[in-house]
Amino acid sequence: MKTYGYGHQTINRDDIEAVSQALTSDFLTCGPTVKAFEQAICDYTGAKYCVAVSNATAGLHIAALAAGLTKGDEAITTPITFLSSANCICFVGATPVFADIDSETANIDPQEIQKHITEKTKALIPVHFAGQSCDMEAISDIAKKYNLIVIEDAAHAIGSEYKATKVGSCAYSDMTVFSFHPVKTITTGEGGAVTTNNKELYDKLCAFRAHGMHKEGAMQNTWEYEMRELGYNYRMTDFQAALGISQLKKLDAFKQRRREIVDYYNQNLGLPHLIERDFSNACFHLYPVLVQNRRDFYFKAREKGLNLQVHYIPVHTQPYYAQFGYKKGDYPKAENYYEHCISLPLYPTLTDEDLAEIVKRLKEINV
Ligand SMILES: *Cc1c(COP(=O)(O)O)cnc(C)c1O
């Protein structure tokens, strides 16, 4: 029996060729291919600057540092996300605050954000869940009103659009963070990128990515450098960047196939699913449906060769987050969503025959 996971990378001969070329070039890291990948992301998204990093978690960390987020500050994110969106707030000693979701999209609800604004709020970290953009105009209005920094966690959303803009353009935010983990839409193995239109933020991101080192003016002709802040080694390698450039060329084709698969499920499954808003043209990363008995559904699907996944356990219910006073019951919409959600197979190499087979197997599950 053919088995299906919820996500899978697409690697072709041209990707392999691109990586091979990078491996036999002079630079395995800190070379021109990383710069070329950053430029390609700028060209695609319309952002002015891009900083490639070792993974999106590192990208969120340096974005939080560049934002100046620190002890005593609060930053607001969603409970329905991967750990990193909230962990990056903890990395810099700030306090994570959650705002409940809009149940129709599972994205953070701007009205809920508003309820959690305090004098300590310094940043908003919306997550474009499943690839659909959050309501960025509403979020950016709140940010302007209270003078907050907006960091978009776009780990799911490269290729997605909000109104007339590409996610990553930072038209409604200060910085956007992408992930290139193999389950995401394009991959570099491990990898990520931060985009911004702000030169000052860009310079900080570059420094935090590389030990807090600066090398300017006359220093460029000597061994000299200055460390002005505590940074990390969050660099991407040139052979990863080569894979990224090759993958980025296929992003629009991936997006088209992902949207076709979503349409197919919407029309043929008859299970409750997320709604796409008028402002969105999503490059879907996930296709979650809502089922009555999720635990039974999960195990019955596994017996049928469907290895589904749950996105996500609400972050505020994790044991680590209890120290901030969070407990079950704090965010009822997120918790209710979690009780019923399960993500179906969604990746571009699924054929029409695969989709018919997956839907047939899913329809045999009655729980
Ligand atoms: C995958 C993911 C991350 C982390 O990405 P890595 O590249 O694995 O560090 C962060 N946020 C969200 C929403 C994710 O899905």
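Values in this document were obtained by computation on a predicted structure and should not be read as measured data.

### Focus on the overall build of the protein chain
Okay, step 1: On a plain count of helices and strands, the protein chain comes out with twelve helices and 18 strands.
Okay, step 2: Its C-alpha atoms give the protein chain a radius of gyration of 21 Å, near enough to 21 Å, the size a compact globule of 367 residues would have.
Okay, step 3: Taking the principal axes of its C-alpha atoms as reference, the protein chain extends roughly 70 × 55 × 35 Å.
Okay, step 4: The buried share of the protein chain, taken over its 367 residues, is 54%.

### Some words on helix α11 (residues 332-340)
Okay, step 1: Restricting attention to buried positions, one finds in α11 the residues Ala334, Glu335 and Tyr337. Burial along α11 is one-sided: seen end-on, the buried residues are contained in an arc of 160 degrees.
Okay, step 2: Elements in contact with the buried residues of α11: β5 (101-102), β16 (287-290) and β18 (341-344).

### Brief notes about the domain arrangement of the protein chain
Okay, step 1: Structurally, the protein chain comprises domain 1 (4-248) and domain 2 (251-364).
Okay, step 2: A straight line from the C-alpha centre of domain 1 to that of domain 2 covers 24 Å.
Okay, step 3: With 50 residues of domain 1 at the interface, the matching set in domain 2 holds 50 residues.
Okay, step 4: Both faces combined, the contact of domain 1 with domain 2 buries some 4400 Å², and carbon together with sulfur accounts for 60% of it.
Okay, step 5: In this structure, the connection of domain 1 to domain 2 is made through four salt bridges.

### Quick notes on the site of the ligand
Okay, step 1: Taken together, 15 residues lie near the ligand, and Thr57, Asp153, His156, Ser179 and Lys184 sit nearest.
Okay, step 2: A distance of 2.8 Å is found between an oxygen atom of the ligand and a side-chain nitrogen or oxygen belonging to His156.
Okay, step 3: Protein burial of the ligand: of its 390 Å² of free accessible surface, 93% is covered by the chains.
Okay, step 4: Contributing elements (two or more residues each) for the shell around the ligand: α3 (56-66) and α4 (84-91).
Okay, step 5: In terms of residue class, the shell around the ligand is built from five nonpolar, eight polar and two charged.

### Thoughts on the nonpolar core
Okay, step 1: Counting residues in hydrophobic clusters, the biggest one holds 36 residues, and the most contacted among them are Ile76, Ile113, Leu124, Phe129, Ile139 and Tyr337.
Okay, step 2: Where this core is concerned, the elements lending two or more residues are α4, β4 (95-98), α6 (136-146) and α11.
Okay, step 3: Top contributing element to this core by residue count: α6, with four residues.
Okay, step 4: Residue contacts for Phe129: discarding those within four places in its chain leaves Ile80, Thr105, Ala106, Asn107, His156, Leu274, Leu286, Pro288, His311, Tyr312 and Tyr337.
Okay, step 5: Counting residues in each nonpolar core, the second largest holds 27 residues, with Ala63, Ala67, Cys88 and Ile151 among its members.

### Quick look at the side chain of Arg294
Okay, step 1: Take Arg294: it is sitting in helix α10 (residues 294-303).
Okay, step 2: Although Arg294 is buried, it forms no salt bridge, and the closest oppositely charged side chain is Glu339 at an N-O distance of 4.9 Å.

### Describing the environment of Gln21
Okay, step 1: Relative to the helices and strands, Gln21 is located in helix α1 (residues 13-23).
Okay, step 2: For Gln21, a relative accessible area of 53% gives the class exposed.
Okay, step 3: For the pair Gln21 and Phe239, spaced 218 residues apart in the sequence, the C-alpha separation amounts to 8.2 Å.

### Looking at the sheet that holds β4
Okay, step 1: Spatial ordering of the open sheet is given by β2-β12-β11-β8-β7-β3-β4, a layout of seven strands whose pairing is mixed. Since the sheet does not close on itself, it has two edges, and those belong to β2 (49-53) and β4, each with one partner. Adjacent strand axes in the sheet meet at a mean angle of 25 degrees when their direction is disregarded.
Okay, step 2: In the sheet, strand β7 (residues 121-125) pairs with strand β8 (residues 149-153) via two bridges, with the strands oriented parallel. Bridge pairing in β8 places Leu124 opposite Val150.
Okay, step 3: The sheet strands contacting α3 are β2, β7, β8, β11 (175-179) and β12 (192-196), and the helix crosses β11 at an angle near 165 degrees.
Okay, step 4: Along the sheet face, α4 touches β3 (74-77), β4, β7 and β8 and points at about 150 degrees away from the line of β4.

### Remarks on the environment of Ile358
Okay, step 1: Following the sequence through the fold, Ile358 ends up in helix α12 (residues 352-363).
Okay, step 2: A sequence separation of 196 residues divides Ile358 from Tyr162, and the C-alpha atoms of the two residues are 30 Å apart.
Okay, step 3: Not counting the four nearest positions on each side in its chain, Ile358 is found in contact with Tyr4, Tyr265, Leu306, Pro345 and Leu350.

### Thoughts on the sheet that holds strand β15 (residues 280-281)
Okay, step 1: In spatial order, the strands read β10-β9-β15; together these three strands make up an open sheet with antiparallel pairing. Looking at the sheet topology across the chains shown, the edges are occupied by β10 (165-166) and β15.

Thresholds, definitions, all that
Along each chain, the written sequence defines residue order, and numbers are assigned to residues from 1. Since the coordinates come from a predicted model, pLDDT governs what is reported: local features require at least 70, and pairs of side-chain atoms require 80 or more to be given and counted, while whole-chain, interface and lining totals use all residues. For side-chain calculations, the full set of non-hydrogen atoms in the structure is used, while hydrogens and water are omitted. The helix count covers DSSP runs of H or I at least four residues long, the strand count covers runs of E at least two residues long, and both are numbered beginning at the N terminus. Using C-alpha atoms as the atom set, the radius of gyration is obtained and then compared with a globule rule of 2.2 Å times the number of residues to the power 0.38. Buried, partly exposed and exposed residues are distinguished by accessible area as a fraction of the type maximum, computed with a 1.4 Å probe on protein chains only: under 20%, between the cut-offs, and over 50%, respectively. The arc in question is formed by the directions pointing from the helix axis toward the C-beta atoms. Residue contacts are counted whenever heavy atoms from the two residues lie within 4.5 Å of one another. The domain limits used here are those given by an automatic or database domain assignment. Two parts lose some accessible area (1.4 Å probe) when they are put together, and adding that loss for both gives the buried area. By definition, a salt bridge exists where a carboxyl oxygen of Asp or Glu is found within 4 Å of a side-chain nitrogen of Lys or Arg. Any residue with at least one heavy atom within 4 Å of a molecule or strand is counted as near it. Definition of a polar contact: a pair of N or O atoms within 3.5 Å, with one able to donate and the other able to accept a hydrogen when the atoms are protein atoms, and with sequence-neighbouring residues admitted only if both atoms are side-chain atoms. All accessible areas in this document rest on Shrake-Rupley with a 1.4 Å probe, and a residue is counted as covered only by the protein chains that are shown. Under the scheme applied, nonpolar residues are Ala, Val, Leu, Ile, Met, Phe, Trp, Tyr, Cys and Pro; charged residues are Asp, Glu, Lys and Arg; polar residues are all the others, including Gly. By nonpolar core is meant a set of buried Ala, Val, Leu, Ile, Met, Phe, Trp, Tyr and Cys residues that side-chain atoms within 4.5 Å join together. Just so you know, the count uses Lys and Arg for positive and Asp and Glu for negative, and it drops His and the chain ends. Pairs of strands are assigned from DSSP output, requiring at least two bridges between the strands. Think of each axis as a best-fit line through the C-alpha atoms, taken over the contacting stretch in the case of a helix, with angles from 0 to 180 degrees between the N-to-C directions.

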